[in-house]
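A look at the structure
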Amino acid sequence: MSRTVAGARVLITGAARGMGRLYAERCVAEGAKTVILWDRDGSALAATTAILTERSHGRTRVAPYVVDIADLGAIAQTAQRVRTEIGDPDVVINNAGIVRGKYFWEHDNGADTRPTMQINALAPMYIAREFLPAMIASGWRESRIVNIASAAGTLSTPRMSVYAASKAAMIGWSDSLRLELVQQGHGYVKVTTVCPSYIDTGMFTGASGPLLTPLMTPEYVVDRVWRAMLAGKPQLLLPWTVNLSKVLRGVLPLAAWDAVAGRVFGVYRSMDRWVGRG
């Protein structure tokens with residue numbers, strides 16, 4: 001799997017559009033055995049399935065499942081269907097996510113905070129837990145879990161409090177899982193944690209990239225993630241300024257970091273004009 005997903009079964013969440021669809025296109029292009037598409041938008045999922053099926057020319061089976069991963073019970077039910085109808089995936093890409101760009105006290109507990117934590121933090125854990133045992137039980141088969149977190153999970157950003165919390169939780173869980181697998185001798189199952197800054201997908205329309213951190217194209221990010229996944233790279237931070245911010249946040253006193261992040265890099269004002277979709 002260090003070069004291609006040919007012959008593998010790949011499951012992608014949030015697969016009907018955007019980056020999820022781009023990951024699915026890579027699967028088809030490389031001749032994956034099956035690409036399993038999870039999304040809550042049935043009509044968009046059907047359209048993507050039709051396009052991918054035509055492109056695959058019969059080499060790749062395209063298997064769509066309409067599922068809202070905010071419904072944690074639906075994850076278990078749909079995972080059982082996948083195991084019965086397709087078999088356990090070799091690769092899981094936890095791509096689906098939502099964002100709320102508002103001050104914390106403007107979040108509604110039911111409409112904002114709960115689904116953000118369920119979709120961004122809990123759902124990836126539930127999904128991985130469904131399929132990880134089979135990956136481990138193979139004893140040798142190269143498998144991958146890719147968790148799309150965010151640079152927001154590595155530093156504080158106004159108007160992203162709940163989103164940042166959800167992604168920080170994802171980062172902590174994902175990298176701990178990586179270490180657990182290595183520690184217990186299951187190194188053939190590799191976990192990649194991805195922490196990108198703003199991506200031009202529609203989710204962050206209106207957001208302004210911090211200094212030296214322009215909005216990245218989905219195609220660029222998907223290509224970098226794909227290569228990191230195949231290589232089993234533990235962590236991918238995009239762009240390079242995300243790593244710089246982590247270093248500066250770690251060595252500077254809090255007041256100094258606030259000044260740098262707020263006045264120099266513009267991190268603390270980056271969501272002021274956000275109008276993206278949730």
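Higher on the page you've got the structure.
What you see as residue numbers is a count from 1 along each chain, following the sequence as written. Whole-chain, interface and lining totals are the exception, using all residues; otherwise, since this is a predicted model, local features are given only for residues with pLDDT of at least 70 and side-chain atom pairs are given and counted only at 80 or more. The side-chain figures draw on all heavy atoms in the structure; neither hydrogens nor water molecules are used.

**Side note on helix α3 (residues 72-85)**
Between its terminal C-alpha atoms α3 stretches 20 Å, which fits the 20 Å expected from 14 residues at 1.5 Å a residue. Exposed residues in this analysis have more than 50% of their type's maximum accessible area, buried residues have under 20%, and partly exposed residues fall in between, with area computed by a 1.4 Å probe over protein chains only. Each helix is a run of H or I in the DSSP string that is no shorter than four residues. Each strand is a run of E no shorter than two, and both are numbered from the N terminus. Where α3 is concerned, the buried positions are Leu72, Ala74, Ile75, Thr78, Ala79 and Val82. Buried residues of α3, viewed axially, fall in a sector of 135°; they line one side. Of the exposed residues in α3, those oriented more than 90 degrees away from the buried face are Gln77 and Thr84. Elements in contact with the buried residues of α3: β2 (34-39), β3 (61-66) and α4 (109-137). In protein, a polar contact requires one atom able to donate a hydrogen and another able to accept it; more generally it is a pair of N or O atoms within 3.5 Å, and residues adjacent in sequence count only if both atoms are side-chain atoms. Among the residues of α3, the N-terminal cap falls to Asp71, whose side-chain oxygen and the backbone nitrogen of Gly73 are separated by 3.1 Å. Phi for Gly87, located one or two positions after α3, is positive at around 110°. Residue count minus one, scaled by 1.5 Å, sets the expected span of a helix. The directions considered for the arc are those from the helix axis to the C-beta atoms. We call two residues in contact when some of their heavy atoms are within 4.5 Å.

**Here we look at the pairing of strand β6 (residues 189-196)**
Buried residues dominate β6, accounting for seven of its eight residues. Any two strands with at least two DSSP-identified bridges between them are counted as paired. Here strand β5 (residues 143-148) pairs with β6 via six bridges, running parallel. Residue pairing for β6: Ser143 is matched across the bridge by Val189. Tracing the backbone out of β5, into helix α5 (residues 161-183) and back to the parallel element β6 gives a crossover that is right-handed. Taken together, the four bridges between β6 and strand β7 (residues 235-238) define a ladder with parallel strand orientation. Orient the strands so they point away from the viewer, and a crossover whose first-strand-to-second-strand path over the helix runs clockwise is right-handed.

**Describing the sheet that holds strand β4 (residues 91-94)**
The strand order across the open sheet formed by seven strands is β3-β2-β1-β4-β5-β6-β7, and the pairing between neighbours is parallel. Each edge of the open sheet carries a strand with a single partner, namely β3 and β7. Here the average twist between neighbouring strands, direction ignored, is 15°. As paired strands, β4 and β5 are joined by four bridges and run parallel to one another. Directly across from Val91, in β5, lies its bridge partner Arg144. Docked against the sheet, helix α1 (residues 18-29) engages β1 (9-13), β2, β4 and β5, running at close to 170° with respect to β1. Throughout, an axis means a line fitted to C-alpha atoms (over the contacting stretch in the case of helices), and angles, computed between N-to-C directions, take values from 0 to 180 degrees. Strands in contact with helix α7 (residues 240-251) are β6 and β7; relative to β7, the strand with the most contacts, it is inclined by about 100°.

**Side note on the packing of aromatic side chains**
Stacked, tilted and edge-to-face are the three classes assigned to paired rings of Phe, Tyr and Trp, where Trp is represented by its six-membered ring and a pair needs centres within 6.5 Å; plane angles under 30 degrees give stacked, over 60 edge-to-face, the rest tilted. If you walk through the whole model with that rule in mind, you get three aromatic pairs. Between Tyr23 and Trp226 the ring centres are 6.4 Å apart and the planes differ by 20°, which places this aromatic pair in the stacked class. Remark: Trp226 occurs in helix α6 (residues 218-231) and Tyr23 occurs in helix α1; sequence separation between them is 203 residues. Take Trp226: its relative accessible area is 1%, and that puts it in the buried class. Seen in terms of ring centroids, Tyr103 and Trp105 are 5.0 Å apart; in terms of plane orientation they differ by 5°. Their pairing is stacked. Look at Tyr103 and you get partly exposed, because its relative accessible area is 29%.

**Re the pattern of salt bridges**
Any carboxyl oxygen of Asp or Glu that lies within 4 Å of a side-chain nitrogen of Lys or Arg is treated as forming a salt bridge with it. According to the stated counting rule, one finds twelve salt bridges in the structure shown. The partner of Glu130 in a salt bridge is Arg83, with the nearest N and O atoms 3.0 Å apart. Taken together, the residues Glu130 in helix α4 and Arg83 in helix α3 connect sequence positions 47 residues apart. The class of Glu130 is partly exposed, set by a relative accessible area of 23%. We note a salt bridge from Arg178 to Asp175, for which the minimum N-O separation is 2.6 Å. Remark: Asp175 and Arg178 occur in helix α5; sequence separation between them is three residues, near one turn of the helix. The class for Arg178 is partly exposed, based on a relative accessible area of 22%. The exposure class assigned to Asp175 is partly exposed, which follows from its relative accessible area of 23%.

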